[in-house]
Amino acid sequence: MNNLEQINEVLKVIKNRCSVRAYKAKPISQKKIDVIINGAIRAPTACNMMQYSILEVKDQEMKEKLVKTCDNQSHIAKAPLVLIFLADVQRWQDYYRISKVPEKCKELNQIYRAPAESDLMLACCDALIAAQNAVITAESMGIGSCYIADIMENIEIHREMFNLPKWVFPIAMLCFGYPKQDLSKRILTSRFPKKFIHFTDNYKRLNKEDFFEMFKHIKKESLANNAENIGQDYYLQKTGADFSYEMSRSVKVAIQDWIRKD
Ligand SMILES: Cc1cc2nc3c(=O)[nH]c(=O)nc-3n(C[C@H](O)[C@H](O)[C@H](O)COP(=O)(O)O)c2cc1C
């Protein structure tokens, strides 16, 4: 390990972070919640437009409902703090309308450009970068967290639950809480060797030998559905699983609605 990673407090937090899914029943003080939100808000943001919103879910019944709509992940209901990071282009659209931007465009003979897929992508970047700042801020105060990607599923239910307008999309949810487990004893999850992730100047497409080496440190005691190798196992459990089909359906609906002219 690099010496800097042992002495620099920020690097230590980054290096030792792990997802936390079991929380103590201890609430997170408002002061600490404010620190987490402020940490998120200091994240870089495209054009300094902050095209995201942070929705705190306090209502216990709503948390219980999220367990069901997010692939039955029970830790959501037990998390003392639940934040949904919304890609939010609606705020600027509303402001543009209030500022009579479409009228100005007409006067200037310009076409008023409605939000496109690119705006959704950019807003997702903003929202996720803010989310990760929240993770690191919380971690630095001993508060663990876990992302929930399933918030992208069931878009119709989530829209209604949280009153989301057309140009707002829930890109990530974060559960926070004090870890139940003593994390100093926890073994961190492994990562692929750096050489398969970090390239210089050119993208490197991996070959069969590379994949063999890349996965050789992963030992799986049992493979899903009689899978013969890790590739088949991952596909059956992740990419080809029911939740992935639902996410794919839901995101498709969200994108179609986003770009629909009405
Ligand atoms: C975009 C994203 C979505 C994730 N969604 C979930 C989720 O729905 N449920 C869950 O338990 N963990 C989720 N995770 C956590 C990952 O499973 C975890 O980060 C990964 O296994 C690596 O483990 P580590 O965070 O402990 O290093 C998600 C992480 C990311 C970045």
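Not measured: the values here are computed from a predicted model. (Residues numbered from 1 in each chain as written. Predicted model: local features only at pLDDT ≥ 70, side-chain atom pairs only at ≥ 80, totals over all residues.)

## A look at the nonpolar core
Counting residues in hydrophobic clusters, the biggest one holds 42 residues, and the most contacted among them are Phe85, Ala87, Ala127, Ala131, Ala134 and Leu174. Mapped onto this core, the elements with two or more residues apiece are α3 (30-41), β2 (81-88), α8 (117-140), β3 (144-148) and β4 (168-177). When neighbours within four sequence positions are excluded, Ala87 is seen to be in contact with Gln51, Tyr52, Leu120, Ala123, Cys124, Ala127, Phe169 and Ile171. (Core = buried A, V, L, I, M, F, W, Y, C linked by C-beta atoms within 7 Å. Buried ≥ 20, exposed ≤ 12 C-beta atoms within 10 Å, placed from the backbone. Helix = DSSP H or I, 4+ residues; strand = E, 2+ residues; numbered from the N terminus. Contact = placed C-beta atoms within 7 Å.)

## Quick word on the site of the ligand
All residues in the neighbourhood of the ligand are listed as Cys18, Ser19, Arg21, Gln73, Cys146, Tyr147, Ile148, Ala149, Asp150, Ala172 and Thr189. Here the shell around the ligand is built from residues that sort into 6 nonpolar, 3 polar and 2 charged. (Near = placed C-beta within 6 Å. Nonpolar A, V, L, I, M, F, W, Y, C, P; charged D, E, K, R; others polar.)

## Focus on the pairing of β3
The element β3 is largely enclosed, with a buried count of 4 among its 5 residues. Here β3 pairs with β4 via 5 bridges, running antiparallel. For Ile148, the partnering residue across the bridge sits in β4 and is Met173. (Pairing = 2+ DSSP bridges.)

## Points about the sheet that holds β2
Read from one edge of the open sheet, 4 strands run β1-β2-β4-β3, paired in antiparallel fashion. Two strands lie at the open edges of the sheet, namely β1 (52-56) and β3, each paired on one side alone. Across the sheet, the mean angle from the axis of one strand to that of its neighbour is 25°, orientation sign disregarded. With 5 bridges connecting them, β1 and β2 associate as antiparallel partners. In the strand pairing of β2, Glu56 is matched with Leu83. (Axes fitted to C-alpha atoms, helices over the stretch in contact; angles between N-to-C directions.)

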